[in-house]
Amino acid sequence: MAATGVGARFILEVFALEIVRAMELTTILNHCHRHRGFVYQRVRFGPDKKIIEVDVRPRQGSAAICSGCHQPAPGYDQLSQRRFEFIPLWGFLVFLLYRMRRVNCSRCGVVVEEVPWADGKYQLTKAYMLFLARWARKLSWKETAESFHTSWEKVCHAVEYVVSWGLEHRTLAPIKAIGVDEIQYAKGHKYLTLVYQIDAGLTRLLWVGQERTIETFEKFFTMIGPELSFKIEFVCSDMWKPYLRVIREKCSQALHILDRFHIVAKMNQALDDVRAAESRKMAQEGHQPLLKNSRWCVLKRKANLTGTQKFRLRDLLRYNLQTVRAYLLKEDFQQFWEYESPTWAGMFLDFWCYQTMHSRIEPMKKIAKMLRTHRELILNYFKAKKQFSSGVVEGLNNKAKVTMRKSYGFRTFRITELALYHSLGKLPEPALTHEFF
Ligand SMILES: [Zn+2]
């Protein structure tokens, strides 16, 4: 009996050992990151016990793949060992160690092989890059680097890889509606031109261009090609002349809509100018500072005013100030957006402009002139049945601004472009067999 007991225990111990062995890292790797033609050989700690190193070797009898033509090719020689960084585990950095083979390809000559876990120029494995890139969408790049004990540059490489892959593999067609807007970046007056798709079912960033010139925006149409350009039905933009011109030339079939948000913003700017100038003038002439702290009273929509602001506004309205008259014109204009028919909206617009031109308030007269100049495009808003109102492009642009704040390490165009595509492009991602994230 005793002997049997010992024997049973021995068997159990062997079995337990097998289980422990079965859970070696190679087993886990084979489960989540398996590649035909390669085997994980040995796992060990690096010299300082902060790194886990995994030896990888080609599976016996499997041919190397030529990186030029992606076909199997006879071996030529082997290069020195390369380290590919994998997803860190329990606070340890993980590296796959592999000696790349060179092949003698009948088509491409002597070239280095292609390995499935990495992309030629990157030191990080594809799985790790995808992992980092996904985190970099939730955290800032700096926070991502800190969280995984890696560098900002590596996070940047990861995003670059995922974005390049996504741009190469995305489907552009069909595009029904686009919105174009500029955004300021870096310090000073540097601009980017952003083009969004604003279809009912899909809103995404399509393109990022440097500057906001005619040449810039033309590049977008070159990118999508004439066939797609001709199929665009709606274009939403602000009143920036170069944009207007390019839309006329490249997208003449589309209904061009001037963005409501930009018109409202310009109107508010004009009102603010009137208020500031009048306030200064009154102070100089030694009048009572009636307009002091009045900025928000007149700029905010009436419905959004606080109790005190409402009271201030009521008080202000008793005076025959330019600011008050400009304010009333602005408030009056709100009604414009309520119309359904382009004809009635047009009549209202004409009347409003006529009134404003007689107001003797220069900044407001400028607005009226602007509205007259762009009358047709503004009325297109009603022709498009208000489908593409202000919100969409503006919302996307606000997201773009947040993204730019989060990604900054170097304020170069390239980094900004990458970060924007990454967070707003809705790009496809390379597929992995296992979800590491
Ligand atoms: Zn080849």
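These lines cover the structure that appears in this document, whether it is placed above or below. (Residues numbered from 1 in each chain as written. Predicted model: local features only at pLDDT ≥ 70, side-chain atom pairs only at ≥ 80, totals over all residues. Heavy atoms only, no water.)

### What about the pattern of salt bridges?
Thinking step 1. Tallying each qualifying case throughout the model produces 20 salt bridges.
Thinking step 2. A salt bridge links Glu429 to Arg134, with the nearest nitrogen and oxygen atoms 2.7 Å apart. Linking Glu429 in the segment after α16 (413–424) with Arg134 in helix α3 (residues 126–138), this pair joins segments that are 295 residues apart in sequence.
Thinking step 3. The residue Glu435 makes a salt bridge to Arg134 at a minimum N-O spacing of 3.1 Å. (Salt bridge = Lys/Arg side-chain N within 4 Å of Asp/Glu carboxyl O. Helix = DSSP H or I, 4+ residues; strand = E, 2+ residues; numbered from the N terminus.)

### A closer look at the coordination of the zinc ion
Put simply, the ideal angle at a metal is 109.5 degrees for four donors in tetrahedral geometry and 90 or 180 degrees for six donors in octahedral geometry.
Thinking step 1. Taken together, Cys66 (SG), Cys69 (SG), Cys105 (SG) and Cys108 (SG) make up the full set of protein donors to the zinc ion, lying 2.2 to 2.4 Å away.
Thinking step 2. Bound by four donor atoms, the zinc ion shows angles of 104 to 116 degrees at the metal and therefore tetrahedral coordination geometry.
Thinking step 3. Sequence spacing of the donors to the zinc ion: C-x2-C-x35-C-x2-C. Residue Cys66 is located in the loop between β3 (64–65) and β4 (72–73), and its partner Cys108 is located in the loop between β6 (92–105) and β7 (109–112); the two are separated by 42 residues in the primary sequence. (Donors = N, O, S within 2.8 Å, 3.2 Å for Na, K, Ca; no water. Tetrahedral: all angles 85-135°; square planar, octahedral: opposite > 155°, others 65-115°.)

### Some points on the nonpolar core
Across soluble globular proteins, nonpolar side chains have a tendency to be buried as a group.
Thinking step 1. Residues Trp141, Phe333, Phe336, Trp352 and Leu371 are the most contacted members of the largest nonpolar core, which totals 92 residues.
Thinking step 2. In contact with Trp352, not counting residues within four places along its chain, are Met267, Leu329, Asp332, Phe333, Met364, Ile367, Ala368 and Leu371. (Core = buried A, V, L, I, M, F, W, Y, C linked by side-chain atoms within 4.5 Å. Buried < 20%, exposed > 50% of the residue type's maximum accessible area, 1.4 Å probe, protein only. Contact = heavy atoms within 4.5 Å.)

### Observations regarding helix α10 (residues 307–316)
Thinking step 1. Among all positions of α10, only Gln309, Leu313 and Leu316 are buried. Along the axis of α10, the buried residues cluster in a sector spanning 60 degrees; they form a single face. The exposed residues of α10 that point more than 90 degrees off its buried face are Gly307, Thr308, Phe311 and Arg314. (Arc of directions from axis to C-beta.)

### Side note on the side chain of Ser229
Thinking step 1. Mapped onto the secondary structure, Ser229 falls in helix α6 (residues 214–230).
Thinking step 2. Ser229 sits in the buried class, given a relative accessible area of 4%.

### Thoughts on the pairing of strand β12 (residues 255–258)
Thinking step 1. Here strand β11 (residues 234–237) pairs with β12 via four bridges, running parallel. Across the sheet, residue Cys236 finds its bridge partner in β12, namely Ile257.
Thinking step 2. Note on the crossover from β11 through helix α7 (residues 241–250) to β12: the handedness is right-handed. (Pairing = 2+ DSSP bridges. Right-handed = clockwise from strand over helix to strand, strands pointing away.)

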